[in-house]
Protein chains: 2
Amino acid sequence: MDNTQHSGRRQTATERRRRELLEAAERIVLRDGPEASMNAIAAEAGITKPILYRHFGDKGGLYRALAVRHTDALLANLRTALDAPVLRRDRVEATLDAYLVAIETRPQVYRFLMHPAEQQGQAESGFDVGRHSAPLLRRLGEELAKVISDRLDLGPEGEERARVWGHGIVGMMHAAGDWWLRERPCSREKLVEHLTDLLWGQLATVKDLAGGTGF
Amino acid sequence: MDNTQHSGRRQTATERRRRELLEAAERIVLRDGPEASMNAIAAEAGITKPILYRHFGDKGGLYRALAVRHTDALLANLRTALDAPVLRRDRVEATLDAYLVAIETRPQVYRFLMHPAEQQGQAESGFDVGRHSAPLLRRLGEELAKVISDRLDLGPEGEERARVWGHGIVGMMHAAGDWWLRERPCSREKLVEHLTDLLWGQLATVKDLAGGTGF
DNA sequence: GTCCATTGTTACTTGCGGTAACCCGAGTCT
DNA sequence: AGACTCGGGTTACCGCAAGTAACAATGGAC
C-alpha cells in the first residue's frame with residue numbers, strides 16, 4: 001500500500017533532514033565533547049529540541065546514530081589493513097597503525113566513540129558490569145576474534161582462544177593508544193614497534209636485568 | 001594555636017563521621033551503580049546533601065575518596081603477585097589471576113572504579129581525550145611499567161618500551177576481563193592461560209590454517 | 001475544499017548537582 | 001552566668017539538562 005511516489009519522496013526528504021541533523025550534531029559534539037547538550041545541538045541545526053527527539057528518540061539514539069558512521073569508517077580501514085597480503089607481522093603492524101592514525105587525526109571523534117555518555121537502557125539492578133566505554137571496543141574485539149579464528153590454526157578450543165586474543169589485543173591497542181595520545185612520549189612508528197614486539201613474545205624472551213631476583 | 005586536646009578529639013570524630021559517610025556511599029553505589037545520586041547517598045547516611053558537600057567538596061571528591069580505598073586494596077594484591085619469587089611466566093599468570101579474582105568477586109566495585117562517572121574538572125575545550133574510564137587503569141599501567149623497567153633488560157629506549165608494555169598489558173587484561181565477566185565463556189584459569197599464551201608470543205608462532213592466504 | 005502527515009513551536013515537568021542562609025547544641029573564654 | 005564561636009544539621013533555593021505535552025502552520029493527496 002505504498003502511497004504512489006509520495007512516501008518515496010517524503011522518505012528521501014526525511015532521510016536528508018536526518019543527515020543534516022546528524023551533521024549539525026557532529027559539529028557540536030566535535031566542539032563540546034560527549035557532554036554536548038541537546039539544546040546546543042538543536043540550536044546548531046537551527047531548530048529546537050523536540051524534533052531531535054522525534055528523529056532519534058533520545059540522546060542515546062542520536063549518539064548511536066552518530067557513532068555508526070565513524071565506527072563503520074574505522075572498521076573499514078581496519079579490515080583493509082587486516083586483509084593486506086603481507087607477512088603476518090607486517091599485517092599486525094599495519095592494523096595497529098591504522099587504528100592509531102584514526103585516533104590521532106580525530107581525537108574528538110575518538111573520545112566520543114569510546115565514551116557514549118550514559119546511554120542507559122537495561123534494567124538497573126543486575127550485573128551489567130562494564131557496559132560503559134565500549135560497545136565499539138567489544139565489536140572490534142569480536143571482529144578481530146573472527147579474523148584470528150578464520151586464519152590461524154589454534155587447535156581445539158581455538159574459538160575460545162581466538163576470542164580471548166581478539167578482545168585482549170584490542171584492549172591493549174586501545175589502552176596504549178589512549179595513553180600515547182595524551183602523553184605523546186614517542187612517535188607513532190615507535191609505538192607500533194613496541195606493541196608488535198610485545199605481541200611477538202618479547203616479554204618472554206627478554207633477559208632479566210643484572211642484579212634482579214633472577215627468575 | 002591548637003586548642004588543648006579539643007582539636008585532636010574533634011579530628012578523630014570528623015574522621016569517623018567521614019568513614020561512616022563513605023560506608024553509606026559505598027552501600028548505595030554498590031546498589032545503584034556509578035550514577036547513584038547524592039540525594040540517595042545522603043538519605044542512606046540519614047542526613048541531607050549539604051554535609052556531603054562539606055565533607056567531599058563535590059561528587060567527584062566523594063567518588064575519589066571512595067575509589068582510593070578499593071584501589072589501594074587491589075594494588076596491594078597485584079603487587080604481591082608481581083613480587084612472588086617464581087618463574088616469570090608463573091608471576092604473570094598470578095598477576096592476571098589476582099586481577100580477575102578481584103573483578104569477579106566484586107563486579108559492582110569494579111564497575112564503579114573503572115567508570116568514575118563524569119568527574120569533570122579541566123577546561124572543556126581542549127584535547128583531554130580519553131580522560132574517562134581510567135585514572136585507575138592509567139595508574140596500573142604506570143605501576144606495571146615501573147616493575148618491567150626495574151626488572152627486565154630492555155636496552156636503550158627501555159624506559160619507553162616498558163611504559164608502552166605496561167599500559168598495553170593492563171589494557172589487554174582489562175578488556176579481556178571485562179568481556180569475560182559479562183560473557184563467562186570459560187573458566188578463569190583458561191582465560192589466564194590464553195592471555196599468557198598471547199603474551200608469550202603464541203600469536204607469532206602459531207601456524208596458518210590450511211587453505212589460508214599462506215602468509 | 002478537505003484531510004492528514006510532517007515540521008516546527010512554546011512552555012512545561014522532573015530530576016540532578018550544587019549553594020545560600022539559617023539553626024542549634026556543646027564546649028570555651030572572661 | 002552570659003556572650004561567643006564552631007561544626008553538624010536543615011530548608012529552600014538556583015541553574016541546567018533531558019524529555020514531554022499541546023498546539024500552530026505548511027503542503028501534497030483525493
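No experiment lies behind these values; they were computed from the predicted model shown. In this convention, every chain numbers its residues from 1, walking through the sequence in written order. Working convention: letters from A go to chains and numbers from 1 go to ligands, in the order in which they are written. The predicted origin of the model limits local features to residues at a pLDDT of at least 70 and limits the giving and counting of side-chain atom pairs to 80 or more, whereas totals for whole chains, interfaces and linings rest on all residues. Side-chain metrics in this entry use all non-hydrogen atoms of the structure; hydrogen atoms and water are not considered.

1. Some details on the overall build of chain A
Part 1 of the reasoning: Numbering of helices and strands runs from the N terminus, with a helix taken as a DSSP run of H or I at least four residues long and a strand as a DSSP run of E at least two residues long. If you tally the helices and strands in chain A, you get 10 helices and zero strands.
Part 2 of the reasoning: Of the regular secondary structure in chain A, the N- to C-terminal order runs α-α-α-α-α-α-α-α-α-α.
Part 3 of the reasoning: Three labels apply to residues, based on accessible area from a 1.4 Å probe with only protein chains included: buried if under 20% of the type maximum, exposed if over 50%, partly exposed otherwise in between. Taking all 215 residues of chain A together, the buried fraction comes to 47%.
Part 4 of the reasoning: At a minimum sequence separation of 6, the contacts of chain A that also span at least 24 residues come to 60%.
Part 5 of the reasoning: Counting every atom, chain A has about 10600 Å² of accessible surface; 53% of that belongs to carbon and sulfur. Contact definition: two residues touch when any of their heavy atoms are within 4.5 Å. The accessible surface values rely on the Shrake-Rupley method and a 1.4 Å probe; as for residues, cover is taken only from the protein chains in view.

2. Focus on the interface of chain B and chain A
Part 1 of the reasoning: Tallying the contact residues gives 70 residues for chain B and 70 residues for chain A.
Part 2 of the reasoning: Accessible area that two parts lose when put together, with a 1.4 Å probe and added across both, is what the buried area reports. Both sides of the chain B and chain A interface together cover about 6600 Å² of buried area, and 58% of this is carbon and sulfur.
Part 3 of the reasoning: Within this document, salt bridges are pairs made up of a side-chain nitrogen of Lys or Arg and a carboxyl oxygen of Asp or Glu, the two lying within 4 Å of each other. Counting across the interface, chain B meets chain A through eight salt bridges.
Part 4 of the reasoning: For D197 of chain A, the salt bridge goes to R161 of chain B, with nearest N and O atoms at 2.9 Å.
Part 5 of the reasoning: Among the secondary structure elements, those contributing two or more residues to the side of chain B that touches chain A are α5 (88–105), α6 (107–114), α7 (135–151), α8 (158–183), α9 (188–199) and α10 (202–205) of chain B.
Part 6 of the reasoning: For the side of chain B that touches chain A, the leading source of residues is α8 of chain B, giving 17 residues.
Part 7 of the reasoning: Broken down by class, the residue content of the side of chain B that touches chain A amounts to 29 nonpolar, 15 polar and 26 charged. Each residue gets one label: Ala, Val, Leu, Ile, Met, Phe, Trp, Tyr, Cys and Pro are nonpolar, Asp, Glu, Lys and Arg are charged, and the others, such as Gly, are polar.

3. Things to note about the relation of the copies chain B and chain A
Part 1 of the reasoning: We place the copies in one frame by least squares, fitting the C-alpha atoms of every residue whose pLDDT is at least 70 in both. Expressed as a screw transformation, the operator carrying chain B onto chain A has a rotation angle of 180 degrees and an axial translation of 0.1 Å, and the superposed copies differ by an RMSD of 0.2 Å. In symmetry terms, the pair is related by a two-fold rotation axis. Using C-alpha coordinates, one finds that chain B approaches the rotation axis most closely at G201 of chain B, a distance of 1.7 Å.
Part 2 of the reasoning: Most of the interface of chain B is mirrored in chain A: 100% of its interface residues are interface residues there too.

4. A few points about the protein's contact with DNA strand C
Part 1 of the reasoning: To be near a molecule or strand, a residue needs just one of its heavy atoms within 4 Å of it. Residues in contact with DNA strand C amount to 14 residues; listed here are only the nearest, T48 and R54 of chain A together with K49, Y53 and K59 of chain B.
Part 2 of the reasoning: Within the contact set of DNA strand C, a base nitrogen lies 2.3 Å away from a side-chain nitrogen or oxygen of R54 of chain A.
Part 3 of the reasoning: Polar contacts, as used here, are pairs of N or O atoms within 3.5 Å; protein pairs need one atom able to donate a hydrogen and one able to accept it. Residues neighboring in sequence count only if both atoms are side-chain atoms. At 3.1 Å from a phosphate oxygen of DNA strand C is found a main-chain nitrogen or oxygen belonging to M38 of chain B.
Part 4 of the reasoning: Of all the elements in the fold, those that place two or more residues in the surface near DNA strand C are α1 (6–32) and α3 (49–56) of chain A together with α3 (49–56) of chain B.
Part 5 of the reasoning: Considered class by class, the residues forming the surface near DNA strand C number six nonpolar, three polar and five charged.

5. With respect to the protein's contact with DNA strand D
Part 1 of the reasoning: Of all residues adjacent to DNA strand D, which total 16 residues, the nearest are K49, Y53 and K59 of chain A together with T48 and R54 of chain B.
Part 2 of the reasoning: Backbone atoms, meaning sugar and phosphate, form 43% of the atoms of DNA strand D found within 4 Å of the protein.
Part 3 of the reasoning: In the environment of DNA strand D, a phosphate oxygen lies 3.3 Å from a nitrogen or oxygen atom belonging to the side chain of Y53 of chain A.
Part 4 of the reasoning: Side-chain polar atom of T48 of chain B to a phosphate oxygen of DNA strand D: 2.5 Å apart, as the coordinates give it.

6. Quick word on the UniProt feature "DNA-binding region" (unreviewed entry) in chain A
Part 1 of the reasoning: UniProt positions are given in the numbering used here, feature names are shortened, and annotations may be inferred rather than shown by experiment. On the UniProt side, "DNA-binding region" (unreviewed entry) is annotated at positions that read residues 37–56 of chain A here.
Part 2 of the reasoning: Helix and strand shares over residues 37–56 of chain A are 75% and 0% respectively, and the end C-alpha atoms of the span are 14 Å apart.

7. Section: the side chain of R151 of chain B
Part 1 of the reasoning: Locating R151 of chain B in the fold gives a position in helix α7.
Part 2 of the reasoning: At 2.9 Å, the side chain of R151 of chain B and the backbone oxygen of L82 of chain B are in polar contact.
Part 3 of the reasoning: Excluding anything up to four places from it in sequence, R151 of chain B contacts D208 and L209 of chain A together with L82, D83 and R91 of chain B.

8. Topic: the packing of aromatic side chains
Part 1 of the reasoning: Working definition: rings of Phe, Tyr and Trp (its six-membered ring) pair if their centres are within 6.5 Å, and the pair is stacked with planes under 30 degrees apart, edge-to-face with planes over 60 apart, and tilted otherwise. For the coordinates displayed, the defined rule picks out two aromatic pairs over all chains.
Part 2 of the reasoning: Ring geometry for Y63 of chain A versus F112 of chain A: centroids 5.1 Å apart, planes at 65 degrees, classification edge-to-face. Highlighted residues: Y63 of chain A in helix α4 (residues 59–83) and F112 of chain A in helix α6 (residues 107–114), separated in sequence by 49 residues.
Part 3 of the reasoning: Here F112 of chain A falls in the buried class, since its relative accessible area comes to 4%.
Part 4 of the reasoning: Here, over-ring charges are defined by two tests on the NZ atom of lysine or the CZ atom of arginine: distance to the ring centre within 6 Å, and angle to the ring normal within 35 degrees. The lysine or arginine in question, R184 of chain A, covers the ring of W180 of chain A, its NZ or CZ lying 4.6 Å from the ring centre.
Part 5 of the reasoning: Directly above the aromatic system of W200 of chain B lies the positively charged group of R89 of chain B, at a separation of 5.7 Å from the ring centroid.

9. Focus: the pattern of salt bridges
Part 1 of the reasoning: Scanning the model with the defined rule gives 39 salt bridges over all chains in all.
Part 2 of the reasoning: With a shortest N-O distance of 2.8 Å, R89 of chain A and D197 of chain A are connected by a salt bridge. Of the two residues, R89 of chain A is situated in helix α5 (residues 88–105) and D197 of chain A in helix α9 (residues 188–199); the sequence distance between them amounts to 108 residues.
Part 3 of the reasoning: A residue is classified by how much of its surface remains accessible, and D197 of chain A, at 9% relative accessible area, is buried.
Part 4 of the reasoning: Put simply, R88 of chain B and D208 of chain A hold a salt bridge, and the shortest N to O gap is 3.4 Å. With one member in each of two chains, R88 of chain B in helix α5 and D208 of chain A in the segment after α10 (202–205) form a pair that bridges those chains.
Part 5 of the reasoning: Residue classification places D208 of chain A among the partly exposed residues on the basis of a relative accessible area of 26%.
Part 6 of the reasoning: Within this structure, R89, E93 and D197 of chain A together with R161 of chain B form a network of salt bridges that share partners.

10. Some remarks on unusual backbone geometry
Residues and elements named next belong to chain A.
Part 1 of the reasoning: For E157, which is not glycine, the phi torsion reads 65 degrees and is therefore positive.
Part 2 of the reasoning: Mapped onto the fold, E157 is located in the loop between α7 (135–151) and α8 (158–183).
Part 3 of the reasoning: Take E157: its relative accessible area is 40%, and that puts it in the partly exposed class.
Part 4 of the reasoning: Phi at R184 is positive, roughly 45 degrees, even though this residue is not glycine.
Part 5 of the reasoning: Of the residues examined, R184 reaches a relative accessible area of 42% and is grouped as partly exposed.

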